[in-house]
Amino acid sequence: RMKKACEGRKLFDDFLRTAPGVTSVPPDGGISALIEFPPGTDDRAFIHDLMLVYDTVIFPGHFYGHPGTARVSFGGEPDDMVEGLRRLADAIRKL
């Protein structure tokens, strides 16, 4: 599990370097992080569209008291992470 988490974290860090307008405070530990969308992004609407159009699920930040953000997990299978982060980046580019 630790190896998957380390691989997932690297993939997540790579995603952050290439996703337009997305920021994140790297977590000290664990397998998830909050990403902040470009200003003015409605996290609820974005994530709803992400599920419908891209068949990809992340958790809206308003669940945690942080609207305009989303919780992204990176503890899954590396191949799934690559595809999920690709879909997420594609959706963000269309904002």
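Every chain begins its residue count from 1, and numbering advances along the sequence as written. The model is predicted, so local features are restricted to residues of pLDDT at least 70 and side-chain atom pairs to those at 80 or more, both for listing and for counting; the totals for chains, interfaces and linings are taken over all residues. Side-chain calculation: all heavy atoms of the structure are included, whereas hydrogens and water are not.

K.L.:
Outline unusual backbone geometry, supporting the account with residue identities and numerical values.
P.N.:
Phi is positive for Asp55, close to 50°, though the residue is something other than glycine. Starting at the N terminus, helices and strands are each numbered in turn, a helix being any DSSP run of H or I of at least four residues and a strand any DSSP run of E of at least two. Mapped onto the fold, Asp55 is located in the loop between helix H2 (43-54) and strand S3 (59-60). Three exposure classes are used, based on accessible area relative to the maximum for each residue type with a 1.4 Å probe and protein chains only: buried under 20%, partly exposed in between, and exposed over 50%. Using a relative accessible area of 66% as the deciding quantity, one classes Asp55 as exposed.

K.L.:
Residue-level account of the layout of surface pockets, with values.
P.N.:
Cavity means a closed set of points on a 1 Å grid over the protein atoms alone, one where a 1.4 Å probe fits but cannot get out, pocket means an open set with protein on both sides within 12 Å along at least 5 of 7 lines, and lining means a residue has an atom within 4 Å of a point. Grid points are joined across faces, edges and corners, and a volume is the space filled by probe spheres set on the points. Estimated volume of the largest pocket: approximately 230 Å³. Along its surface, the largest pocket is lined by 14 residues, and Val57, Ile58, Ser73, Met81 and Gly84 are the ones closest to its centre. For the lining of the largest pocket, the element with the most residues is helix H3 (residues 78-93), which contributes 5 residues. Class assignment of the residues belonging to the lining of the largest pocket gives a composition of 7 nonpolar, 4 polar and 3 charged. All residues other than Ala, Val, Leu, Ile, Met, Phe, Trp, Tyr, Cys, Pro, Asp, Glu, Lys and Arg, Gly among them, are scored as polar; the first ten of these are nonpolar and the last four charged.

K.L.:
An account of the pattern of salt bridges is needed here, citing residue identities and associated values.
P.N.:
Salt bridges are defined by distance alone: a side-chain nitrogen of Lys or Arg within 4 Å of a carboxyl oxygen of Asp or Glu. The final tally for this structure, using the stated rule, is 8 salt bridges. For Lys10, the salt bridge goes to Asp14, with nearest N and O atoms at 3.1 Å. Here Asp14 and Lys10 lie together in helix H1 (residues 2-18), a separation of 4 residues that amounts to about one turn. Taking relative accessible area as the criterion, Asp14 reaches 26% and is therefore assigned partly exposed. The closest approach of N and O atoms between Asp90 and Arg93, which form a salt bridge, is 3.2 Å. In this pair, Asp90 and Arg93 both sit in helix H3, 3 residues apart, roughly one turn of the helix. Overlapping salt bridges bring together Glu83, Arg86, Arg87, Asp90 and Arg93 as one network.

K.L.:
For a nonpolar patch on the surface, give the residues involved together with the corresponding values.
P.N.:
Patches here are clusters of residues that have more than 30% relative accessible area and form no salt bridge, with a 9 Å joining cutoff for like charges and a 5 Å cutoff for nonpolar side chains (Val, Leu, Ile, Met, Phe, Trp, Tyr). Under the convention used here, a 1.4 Å probe and the Shrake-Rupley method define accessible areas, while residue burial counts only the protein chains that appear. A grouping of Leu34, Met51, Val57, Phe59, Phe63 and Tyr64 is seen on the molecular surface, where their side chains present a nonpolar patch of about 550 Å² in accessible area. Mapped onto the elements of the fold, Leu34 is located in strand S2 (residues 32-36). The class for Leu34 is partly exposed, based on a relative accessible area of 30%.

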